[in-house]
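The chain contents come next:
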Amino acid sequence: ATVVSSRAIRIGVDSLLRLDAGPNRLFLSANIMRGDSPAFLPRTIKNVAGKKIAITGISGDTALFDITDTMTSNVMLAPEMKAIEAVTTALGEKEHPDAIILLSGLSSEKNLRIMNQFPEISLCVCGGDNRGTIHSQPASRVILNDGREIVLADSRKGYILAECSLTDRVEVKSFSFAEPV
């Protein structure tokens, strides 16, 4: 799964949705809205080793939509806290996951706020529009006081490969940055 970034959205919501058709949908975003509903899947559930893992995405707040998307399809960016609250509430009421992983394109400072406000989020993986910095300083990993983690990709194009374990929380064993082939 991947969060919809501002770079990806440049081709238009409908074009991305056509690319994302089928049973193995890839793009997640809880805050890109078409009217009152998310334009993309706000979350997905994966069963791994008998554990139910919820993965949700929150797109960066720098996304600029094509005028066609905004004027004819009513596409807009919802406030991130409201979108995360909707997802975590729905997960708690319906899915009851063992862990929630947030894929985020927001700034590290906003991700810290989200992790503090939503303790049910086990792990935050930052990429897309996030530049791998905290207060303008390069960083790759933040471990919060309660043991939950924020993993940051740097500004290169590519993706994060993370090896995790799940006991009472998601623990990142190792991670690396990989560039597409």
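Residues numbered from 1 in each chain as written. Predicted model: local features only at pLDDT ≥ 70, side-chain atom pairs only at ≥ 80, totals over all residues. Heavy atoms only, no water.

K.L.:
Just to check I follow, could you spell out the overall build of the protein for this structure?
P.N.:
Looking only at helices and strands, one finds 5 helices and 15 strands in the protein. A compact globule built from 181 residues would reach a C-alpha radius of gyration of about 16 Å, and the protein, at 16 Å, matches this within 12%. Its C-alpha atoms give the protein principal-axis dimensions of roughly 45 × 40 × 35 Å. Taken over 181 residues, the protein has a buried fraction of 44%. (Helix = DSSP H or I, 4+ residues; strand = E, 2+ residues; numbered from the N terminus. Rg over C-alpha atoms; globule rule 2.2 N^0.38 Å. Buried < 20%, exposed > 50% of the residue type's maximum accessible area, 1.4 Å probe, protein only.)

K.L.:
Looking at this structure, I do not really get the sheet that holds strand β7 (residues 75-77). What am I missing?
P.N.:
Read across the sheet, 3 strands follow the order β4-β3-β7 without closing on themselves; strand pairing throughout is antiparallel. Of all strands in the sheet, those with a lone pairing partner are β4 (37-38) and β7, marking the two edges. Direction of pairing for strand β3 (residues 32-34) relative to β7: antiparallel, over a ladder of 3 bridges. Residue Ile32 lies in a different strand from β7, and its bridge partner there is Leu77. (Pairing = 2+ DSSP bridges.)

K.L.:
Help me understand the packing of helix α4 (residues 80-95) against helix α5 (residues 108-117), please; the structure alone is not making it clear to me.
P.N.:
Each pair of packed helices can be described by the angle between their axes along with the distance between the axes. Orientation of α4 relative to α5, taken along the N-to-C sense of each, is 35°, at an axis distance of 11 Å. Judged by the twist between their axes, the crossing of α4 over α5 is right-handed. Here α4 contributes Glu80, Met81 and Ile84 to the contact with α5, which in turn contributes Lys110, Arg113, Ile114 and Gln117. Classifying every residue of the contact of α4 with α5 gives 3 nonpolar, 1 polar and 3 charged. (Axes fitted to C-alpha atoms, helices over the stretch in contact; angles between N-to-C directions. Left-handed = near helix turned anticlockwise from the far one by under 90°. Contact = heavy atoms within 4.5 Å. Nonpolar A, V, L, I, M, F, W, Y, C, P; charged D, E, K, R; others polar.)

K.L.:
Can you help me understand the sheet that holds strand β6 (residues 51-58) in this one?
P.N.:
Two pairing modes exist for strands in a sheet, parallel and antiparallel, and in both the strands are linked by backbone hydrogen bonds. The strand order across the open sheet formed by 6 strands is β5-β6-β8-β9-β13-β12, and the pairing between neighbours is mixed. With partners counted over all chains shown, the strands left at the sheet margins are β5 (43-48) and β12 (141-143), one partner each. Each neighbouring strand pair of the sheet contributes to a mean axis angle of 20°, computed without reference to strand direction. Here α5 sits on the sheet and contacts β8 (99-104), β9 (123-126), β12 and β13 (149-152); the angle it forms with β13, its principal contact strand, is near 160°.

K.L.:
Please explain the pattern of salt bridges as it appears in this structure.
P.N.:
A side chain with one charge may pair with a side chain of the opposite charge, provided their charged atoms come close. Taken as a whole, this structure holds 6 salt bridges when the rule is applied. Here Arg34 ties to Asp14 by a salt bridge, and the two come within 2.6 Å at their closest N and O atoms. Of this pair, Arg34 sits in strand β3 while Asp14 sits in helix α2 (residues 13-19); the two residues are 20 residues apart in sequence, bridging distant segments of the chain. Given a relative accessible area of 35%, Asp14 falls into the partly exposed group. The shortest N-O distance in the salt bridge between Glu80 and Lys110 comes to 3.4 Å. Of this pair, Glu80 sits in helix α4 while Lys110 sits in helix α5, and the two are 30 residues apart along the sequence. (Salt bridge = Lys/Arg side-chain N within 4 Å of Asp/Glu carboxyl O.)

K.L.:
Help me understand the side chain of Thr56 in this model?
P.N.:
Within the secondary structure, Thr56 sits in strand β6. Within the structure, Thr56 has its side chain in polar contact with the backbone oxygen of Pro42 (distance 2.5 Å). Not counting chain neighbours up to four residues away, the residues in contact with Thr56 comprise Leu28, Ala30, Pro42, Arg43, Val87, Ile100, Ile101, Leu102 and Leu103. (Polar contact = N/O pair within 3.5 Å; in protein donor to acceptor, adjacent residues only side chain to side chain.)

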